[in-house]
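Understanding the architecture of this molecule
Chain residues, written in single-letter form:
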Amino acid sequence: MTTAEARGALTIAGSDPSGGAGIQADLKTFAAHGCYGASVITSLTAQNTTGVQGVHAVPPDFVVQQLRMVFDDIDIKAIKTGMLYDAVIAAEVAKVLKERQAAGKLAPVVCDPVCVSTSGHTLLKPDALDVLVSQVFPLTTLITPNKPETELLLKTPNSEVKIESLADMYTAAVELSKKTSTAVLVKGGHVVSSLKNLEEITQKHSNVEVVKQNLYDENMEILLVGRDPKELNPEIVVDLLYQPDTQSAVVYARPRIESTSTHGTGCTLSAAIASGLAQGLSLKDAVAQGALYTHFGIATAQPIGKGYGPLNHLH
Ligand code: PLP
């Protein structure tokens, strides 16, 4: 089957009227991957590239009604969850997904545990975190926390976790995977890494594979489509995938791009991974494709708005 609906992808997330994050970023990402995008809206935000001004939650039973209308009609091959906003909405979403699971009809779920916007606005109320962990995570194929979200998810009343390096990301991913029984992609956009760190991690752990993306050509020159290589900072960005079934990790490494076009990066990545799963890729390949899509989205973005603008989704 090659039609778009054969690759139906659903996002369950919040709306960003300025078009760079949330539902809007997800639908653009699905379309760019040739997927048919469906969207269930959990919350409306009033925001633009300079920040979030307000949030208006959709009534939980109306979120459920939207979910049922989509599932009753559209062949959904992969699901992505983003901003679930509060405990009741998160629990209602989990309830419907659980019903699908019980009926043997649950497509792979990628959960982006969106907590706070880059500008510091709450996108998940504190009481929703427990629901996310106890009710949503058990239904997921992959969770995609960034550094602060990983630290929050591993925090206990007696201990705090700090992630400063690729080595810390590995330890955190293994621990979080144990705690949640799901595959974990710890995103390293907030972590400073180098090529040396890649060598160190593979020497220390035989179960870690490195996938270098767009790093060097055959002459060991840093490559980057759409940018003058001289503009590039040789610092690298790493994301680390840990899969509990194989007890192995993959580190995806690529050049860091200095850019203000980063609004909705996490939304875009998780939607791109869901697109890959809808296309039938393995988790490892879906993450590779998603990471590269996000990377080029930042690399080729034209500035939009007065603040942190969106990625380019059409490439
Ligand atoms: N707004 C919505 C609706 C989102 O879902 C998200 C992230 O998932 C954001 C904003 C955050 O965007 P930013 O990349 O600016 O932190």
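This structure is a prediction, so every number in the text was calculated from the model and none was measured.

Right, let's get into the overall build of the chain. Of the regular secondary structure elements, the chain holds nine helices and ten strands. What you see for the chain is a C-alpha radius of gyration of 18 Å, in line with the 20 Å of a compact globule of 315 residues. A buried classification covers 49% of the 315 residues belonging to the chain. Considering only contacts in the chain between residues 6 or more positions apart, those separated by 24 or more positions represent 73%.

Turning our eyes to something else, we now look at the pairing of strand 3 (residues 51–57). Examined bridge by bridge, strand 2 (residues 36–48) and strand 3 share six bridges and lie antiparallel to one another. Directly across from Q47, in strand 3, lies its bridge partner V52. With antiparallel pairing between neighbouring strands as the criterion, strand 2 and strand 3 make up a hairpin whose turn holds two residues.

Let us now look at the site of the ligand. The ligand sits among 19 residues. The nearest are G14, A21, G22, V114 and T118. Put simply, the parts of the chain that give the shell around the ligand at least two residues each are strand 1 (8–15), strand 2 and helix 8 (265–278). In terms of residue count, the dominant contributor to the shell around the ligand is helix 8 (three residues).

What follows deals with the packing of helix 1 (residues 22–32) against helix 8. Each pair of packed helices can be summarised by the angle the axes make with each other and by the distance between the axes. Two numbers describe how helix 1 lies on helix 8: the axes approach to 8 Å, and their chain directions differ by 40°. The orientation of helix 1 with respect to helix 8, classified from their angle, is oblique. At the point where helix 1 passes helix 8, the crossing takes the right-handed sense. Contacts between helix 1 and helix 8 involve G22, A25, D26, T29 and F30 from the former and C267, T268, A271, A272 and S275 from the latter. Of the residues assigned to the contact of helix 1 with helix 8, the class counts are five nonpolar, four polar and one charged.

Looking now at the pairing of strand 1. Most of strand 1 is tucked away: eight of the eight residues are buried. Looking at chain direction, strand 1 and strand 4 (residues 76–81) are connected through five bridges and run parallel. From the neighbouring strand, L10 faces strand 4, where its bridge partner is I79. In terms of strand pairing, strand 1 meets strand 2 through eight bridges, oriented parallel. The partner of S15 across the bridge, within strand 2, is L44. Where the polypeptide runs from strand 1 across helix 1 and back to strand 2, its parallel neighbour, the crossover connection is right-handed.

Another aspect to go through is the nonpolar core. With 88 residues, the main nonpolar core has V93, A173 and L240 as its most contacted residues. Here the element with the most residues in this core is helix 9 (residues 283–299); it accounts for nine residues. If we ignore the near neighbours within four places in the chain, the residues touching L240 are M169, Y170, A173, V186, G188, A249 and V251.

The next thing to look at is the packing of helix 8 against helix 9. Packing of helix 8 against helix 9 brings their axes to within 8 Å, and their N-to-C directions diverge by 140°. It follows from the interaxial angle that helix 8 and helix 9 lie oblique. Remark: the crossing between helix 8 and helix 9 carries right-handed chirality. Side by side, helix 8 and helix 9 meet where T265, T268, L269, A272, I273, G276 and L277 of the first sit next to D285, A286, V287, Q289, G290, A291, Y293, T294, G297 and I298 of the second. Residues belonging to the contact of helix 8 with helix 9 are distributed by class as follows: nine nonpolar, seven polar and one charged.

Our focus in this paragraph is helix 8. The end-to-end C-alpha separation of helix 8 is 20 Å, in line with the 20 Å expected for 14 residues at 1.5 Å each. Burial analysis of helix 8 places 14 of its 14 residues in the buried class, the great majority of the element.

A few words on the confidence of the model for the chain. Looking at the chain, pLDDT values average 93 and 92% of them are 70 or higher. Both scores are given for the predicted complex: the pTM is 0.95, the ipTM 0.93.

Moving on, we get to helix 4 (residues 126–136). Taken together, the buried positions of helix 4 are occupied by A128, V131, L132 and V136. Buried residues of helix 4 fall within an arc of 105° about the axis and therefore sit on the same side. Of the exposed residues in helix 4, those oriented more than 90 degrees away from the buried face are P126, D127 and D130. Looking at the packing, one finds that the buried side of helix 4 touches strand 4, helix 3 (87–102) and strand 5 (109–111).

So, about the environment of I273. Structurally, I273 is set in helix 8. Overall, I273 belongs to the buried group, with 32 C-beta atoms counted inside 10 Å. Residues I273 and T29, 244 residues apart in the sequence, show an inter-C-alpha distance of 9.7 Å. For I273, the residues in contact, after removing those within four places along its chain, are V110, L142, A286, V287 and G290.

Rules used throughout
- Residues numbered from 1 in each chain as written.
- Predicted model: local features only at pLDDT ≥ 70, side-chain atom pairs only at ≥ 80, totals over all residues.
- Helix = DSSP H or I, 4+ residues; strand = E, 2+ residues; numbered from the N terminus.
- Rg over C-alpha atoms; globule rule 2.2 N^0.38 Å.
- Buried ≥ 20, exposed ≤ 12 C-beta atoms within 10 Å, placed from the backbone.
- Contact = placed C-beta atoms within 7 Å.
- Pairing = 2+ DSSP bridges.
- Near = placed C-beta within 6 Å.
- Axes fitted to C-alpha atoms, helices over the stretch in contact; angles between N-to-C directions.
- Parallel < 35°, antiparallel > 145°, perpendicular 65-115°, else oblique.
- Left-handed = near helix turned anticlockwise from the far one by under 90°.
- Nonpolar A, V, L, I, M, F, W, Y, C, P; charged D, E, K, R; others polar.
- Right-handed = clockwise from strand over helix to strand, strands pointing away.
- Core = buried A, V, L, I, M, F, W, Y, C linked by C-beta atoms within 7 Å.
- Expected span 1.5 Å × (residues − 1).
- pLDDT = per-residue confidence, 0-100.
- Arc of directions from axis to C-beta.

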